[in-house]
Amino acid sequence: MHILSSILFIALTVAGFGFFAVNAKKIYRNIKLGQPVNRTDRSSERFKNMLLVAFGQKKMFTRPIPALLHFAIYAAFMITQIELIEIFIDGIFGTHRIFKEPLGGFYTFMISLIEVMSVAALTATIFFLSRRNLLKLPRLNMKELLGWPKKDANLILMMEIVLVLCIFTMNGTDEVLYNIGKSHFTGQGSFNFTISQFIGPTVFGSLSEGTLHILERVGWWGHFIMVLTFLNYLYFSKHLHILLAFPNTYFANLNPLGQFNNLESVTNEVKLMMDPNADPFAAPAVDENAVPAKFGAQDVMDLNQVQLLNAYSCTECGRCTSSCPANITGKKLSPRLIMMKTRDRLEEVGKNIDANKGTFVEDGKTLLNDYITPEELWACTTCNACVEECPIEISPLSIIMDMRRFLVMEQSAAPMELNTMMTNIENNGAPWQYNQMDRLNWKDEN
Amino acid sequence: MSESLVVPTMAEMMARGEQPEVLFWVGCSGSFDDRAKKITKAFVRILNRANVKFAVLGSEEGCTGDPAKRAGNEFLFQMQAMMNIQVFDGYEVKKIVTACPHCFNTIKNEYPGLGGTYEVVHHTEFLKSLLDDGRLTIEGGQFKGKRITFHDPCYLGRANKIYEAPRDLIQKLDAELVEMKRSKANGLCCGAGGAQMFKEPEKGNKDVNMERTDDALEVKPQIIAAGCPFCNTMLTDGVKFNHKEGEVQVLDVAELIANAQDL
Ligand code: SF4
Ligand code: SF4
């Protein structure tokens, strides 16, 4: 019996982690489709940023109530992982609560802490579910979330509830069994876990020993299977953020938000143009590490790797969109949707590569136009509100800018008034039609 | 308003063999926009009063390239930037002050990557340093007790984390500084940035500057203070649209200081 369950346990573990590894590799490969970007400098600053923003959830706390509730789930999640180690050992070797003996009082403390956090997480989960489905918070009920994103958000909350129920079923029934000396753990008494020592006898006290044993196993296996399910569900979900928030904040932009990157490929050309000694007819030097001869971004491969990591990390919380002036005033732009569409397109490209034995075969689609329209892009005021708001330091703005660059430099597809503005700058050094020689006229005007 | 402005150019200073303490970068708006020119002049009056040795570039100044860059035209931006950097370096410029957060941000953050590194300060920071050093003194004067709200320009606030200098100045006027519900890092854009100033907005149900003006009017200010010529225009339009121009003034922080001094 115990051999059988050990085998089953090991098989499930290998399958669960194996499947996860396959998908994790896919994500890694997809992110690598982007352009390289140097974000390995200033490592101590980066590490600090990651600790504060991802681990410490610094930016979440601009909205204290959801932050506390989110923190409860997050902390419960982290702490439950400790118990998981025990589950693995017990599962493989057919032992029961292997850590209880060696850890003694600390074990009681640890499991009690898990129980307390689980209750907090359960409260938070119920609050979040009702906020999403009953309170109709605008940012969580926009059209753009209809369909899978909404289901995704609700599903994960339900899984959360199931997981917590499993923990209490497991501990509660085991408590009753231990009271009567029938637990798989030898001896008799109470485990003294803060919550299950009470709810165990209350809820399960009247059940027969056989039923208790079955329920105990149901809770234990349920917990374990839930964890594996959750792990593998991540790939399909906005909940990838629980893993990717860490690298995402590590590689986040540390420069002032107003500082937009200067395209190096452009710098080289401009230098050439401005150099009076340059021979305009000379063949351009061959660049060994030639960047694709494209200015700006038309598709996901033109974006950089951090932007693609951003797309996988986005939690679809919509804080960016709810602070976006364009969105607030009813324009089509939604920074959250920019991130969601980027991820959708990246997934599509990934599937294309999988289906074509490792190479991407043109599918006649691009991120620009097929997913993100110029109308959305031109509505952005580059105000950085979205970047400031994002709890994991994603920059929808950087994607918007790179796509505008493509529109303007590759397709000359700027709105007409912007073309006028640019012509003016080119000709008179000002966005309006004034003569550069008149720049100081204000001095003598009244 | 009687004394005439003293506005030396870099070329004149150079001819005299002098180097100014700071270059005043006027910017396109400050040079050509009628409303913004008043801000430029108010700032110059303060500089004159505080005996700051400054100079402007005059006809040697050209757009920083900010609107071109935000529109996506990196070529045009870099051309402008390199031309300006050549001029700065020709005059051995070390320190630049400007009343435009867009110019400020671009020269400060984006020029260094193209070879132009300078100390760049926004005029609100510069004014504050003049006060701190005792080179300028202000008394509340006509603004004592007035309700003033400050609109954070995105390119000063969020983009460069400058929130306190303009507020400190307003408080120095003995005015009552009231905050809008969206302020500082959560401030709402005026709608002009990212080259939006130069085009019609996309279809929506409201213009951004109207939304922002509503934020401001909600706190019932007598004055809406701004630190950016573009924000100033956007908010002025919004106030006019609400027919409140009789009750609510939109003024740049430099104008507040200059007016308090009767300059
Ligand atoms: S930067 Fe653009 S997308 Fe982001 S909040 Fe501002 S207007 Fe919206
Ligand atoms: S980009 Fe950031 S703020 Fe916007 S939805 Fe994604 S996680 Fe939330």
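Before reading on, note that the structure itself is shown above.
Let us look at the structure shown here.

Rules and cut-offs
- Residues numbered from 1 in each chain as written.
- Chains lettered and ligands numbered in written order.
- Predicted model: local features only at pLDDT ≥ 70, side-chain atom pairs only at ≥ 80, totals over all residues.
- Heavy atoms only, no water.
- Helix = DSSP H or I, 4+ residues; strand = E, 2+ residues; numbered from the N terminus.
- Rg over C-alpha atoms; globule rule 2.2 N^0.38 Å.
- Buried < 20%, exposed > 50% of the residue type's maximum accessible area, 1.4 Å probe, protein only.
- Areas by Shrake-Rupley, 256 points an atom, 1.4 Å probe, with all protein chains shown as cover.
- Lys, Arg positive; Asp, Glu negative; His and termini not counted.
- Charge placed at Lys NZ, Arg CZ, Asp CG, Glu CD.
- Contact = heavy atoms within 4.5 Å.
- Buried area = accessible area lost by both parts, 1.4 Å probe.
- Salt bridge = Lys/Arg side-chain N within 4 Å of Asp/Glu carboxyl O.
- Polar contact = N/O pair within 3.5 Å; in protein donor to acceptor, adjacent residues only side chain to side chain.
- Nonpolar A, V, L, I, M, F, W, Y, C, P; charged D, E, K, R; others polar.
- Near = heavy atom within 4 Å.
- Patch = residues over 30% accessible without salt bridge, like charges linked within 9 Å, V, L, I, M, F, W, Y side chains within 5 Å.
- Phe/Tyr/Trp six-rings, centres within 6.5 Å; stacked < 30°, edge-to-face > 60°.
- Lys NZ or Arg CZ within 6 Å of the ring centre and 35° of its normal.
- Pairing = 2+ DSSP bridges.
- Axes fitted to C-alpha atoms, helices over the stretch in contact; angles between N-to-C directions.
- 1 Å grid on protein atoms, 1.4 Å probe; cavity = no way out; pocket = protein on both sides within 12 Å on 5 of 7 lines; lining within 4 Å.
- Sits in = over half its atoms within 2 Å of the grid points.

## Observations regarding the overall build of chain B
Then, number 1: Counting its regular elements, chain B contains 11 helices and 8 strands.
Then, number 2: Relative to a compact globule of 263 residues, whose C-alpha radius of gyration would be 18 Å, chain B shows 18 Å and is just as compact.
Then, number 3: A principal-axis box enclosing the C-alpha atoms of chain B has dimensions of 50 × 45 × 30 Å.
Then, number 4: Here chain B holds 263 residues, and the buried ones make up 67% of them.
Then, number 5: Accessible surface, chain B: about 9400 Å² in total, of which carbon and sulfur atoms supply 48%.
Then, number 6: Measuring between centres, the 32 positive side-chain charges of chain B sit 3 Å from its 37 negative side-chain charges.

## Focus on the overall build of chain A
Then, number 1: Across its full length, chain A carries 19 helices and 0 strands.
Then, number 2: Taking 22 Å as the expected radius of gyration for a compact globule of 446 residues, we find that chain A reaches 28 Å, considerably beyond that expectation.
Then, number 3: Summarising its shape, the C-alpha atoms of chain A cover approximately 95 × 55 × 40 Å along the three principal directions.
Then, number 4: Of the roughly 21200 Å² of accessible surface on chain A, a fraction of 65% belongs to carbon and sulfur atoms.
Then, number 5: Each charge sign in chain A was given a centre, from 39 positive and 42 negative side chains, and these centres are 5 Å apart.

## What to know about the interface of chain A and chain B
Then, number 1: Tallying the contact residues gives 61 residues for chain A and 71 residues for chain B.
Then, number 2: At the boundary of chain A with chain B, total buried surface from both sides reaches about 5600 Å², with 65% on carbon and sulfur atoms.
Then, number 3: Taken together, the connections running from chain A to chain B amount to 3 salt bridges.
Then, number 4: The partner of B:Glu74 in a salt bridge is A:Arg405, and the shortest N-O contact between them spans 3.3 Å.
Then, number 5: The interface formed by chain A and chain B contains 31 residue pairs in polar contact (both at pLDDT 80 or more).
Then, number 6: Of all the secondary-structure elements, those providing two or more residues to the side of chain A that touches chain B are helix H10 (264–274), helix H13 (325–328), helix H16 (374–378), helix H17 (385–389), helix H18 (396–410) and helix H19 (416–428) of chain A.
Then, number 7: Of the residues forming the side of chain A that touches chain B, the biggest block, 7 residues, is contributed by H10(A).
Then, number 8: Counted by class, the side of chain A that touches chain B contains 31 nonpolar, 15 polar and 15 charged residues.

## Looking at the site of ligand 1
Residues and elements named next belong to chain A.
Then, number 1: Near ligand 1 lie 13 residues; those nearest to it are Cys324, Cys380, Thr381, Cys383 and Cys386.
Then, number 2: When contributions to the shell around ligand 1 are tallied by element, the ones reaching two or more residues are H17 and H18.
Then, number 3: Residues belonging to the shell around ligand 1 are distributed by class as follows: 10 nonpolar, 3 polar and no charged.

## Remarks on a nonpolar patch on the surface
Residue and element names in this part refer to chain A.
Then, number 1: Taken together, the side chains of Ile10, Val14, Ile92 and Phe93 define a hydrophobic patch exposed on the protein surface, amounting to about 370 Å² of accessible area.
Then, number 2: Along the chain, the position of isoleucine 10 falls in helix H1 (residues 2–32).
Then, number 3: A relative accessible area of 37% places isoleucine 10 in the partly exposed class.

## Regarding the packing of aromatic side chains
Then, number 1: Taken as a whole and judged by the stated rule, the model has 33 aromatic pairs over all chains.
Then, number 2: Relative to B:Phe54, the ring of B:Phe24 has its centre 6.4 Å away and its plane inclined at 65 degrees; by these criteria the two rings are edge-to-face. Taken together, the positions of B:Phe24 in strand E1 (residues 22–25) and B:Phe54 in strand E2 (residues 54–55) put the pair 30 residues apart, joining distant regions of the chain. When sorted by exposure, B:Phe24 lands in the same class as B:Phe54, which is buried.
Then, number 3: Here the aromatic cluster, defined as three or more aromatic residues joined through ring pairs, consists of A:Phe9, A:Phe17, A:Phe88, A:Trp220, A:Trp221 and A:Phe224.
Then, number 4: Directly above the aromatic system of A:Phe191 lies the positively charged group of A:Arg97, at a separation of 4.9 Å from the ring centroid.
Then, number 5: Here B:Arg70 stacks its cationic end above the ring of A:Phe260, 4.1 Å away from the centre of that ring.

## What to know about the sheet that holds strand E5 (residues 147–150) of chain B
Residues and elements named next belong to chain B.
Then, number 1: Spatially, E6-E5-E7-E8 is the arrangement adopted by the 4 strands of the open sheet, whose pairing is parallel. Each end of this open sheet is capped by a strand with a single partner; those strands are strand E6 (176–178) and strand E8 (249–252). Across this sheet, the average inter-strand angle for adjacent strands is 35 degrees, counted without regard to direction.
Then, number 2: Inspection of the sheet shows E5 paired to E6 by 3 bridges, in the parallel sense. Residue isoleucine 148 lies in a different strand from E6, and its bridge partner there is leucine 177.
Then, number 3: Those strands touched by helix H8 (residues 164–172) are E5, E6 and strand E7 (223–226), and its axis lies near 170 degrees from that of E5.
Then, number 4: On the sheet, helix H10 (residues 229–241) packs against E7 and E8 and is oriented at approximately 175 degrees with respect to E8.

## Digging into the sheet that holds E2(B)
Residues and elements named next belong to chain B.
Then, number 1: Read across the open sheet, the 4 strands follow the order E2-E1-E3-E4; overall the sheet is parallel. The sheet is open, and its two edges are formed by E2 and strand E4 (119–122), each paired on a single side.
Then, number 2: Summarising the sheet, E1 and E2 pair through 2 bridges and their orientation is parallel. Bridge assignment links valine 22 to a residue of E2, and that residue is phenylalanine 54.
Then, number 3: Sheet strands in contact with helix H6 (residues 101–110) are E1, strand E3 (95–98) and E4, and its direction is about 160 degrees off that of E4.

## Comments concerning the site of ligand 2
Residues and elements named next belong to chain A.
Then, number 1: Near ligand 2 you find Cys314, Thr315, Glu316, Cys317, Gly318, Arg319, Cys320, Arg336, Met339, Cys390, Pro391 and Ile394, and these make up its full shell.
Then, number 2: Comparing atom positions with the cavity grids shows ligand 2 to sit within the second largest cavity.
Then, number 3: Only helix H12 (319–323) and helix H14 (335–355) provide two or more residues apiece to the shell around ligand 2.
Then, number 4: Partitioned by chemical class, the residues of the shell around ligand 2 number 7 nonpolar, 2 polar and 3 charged.

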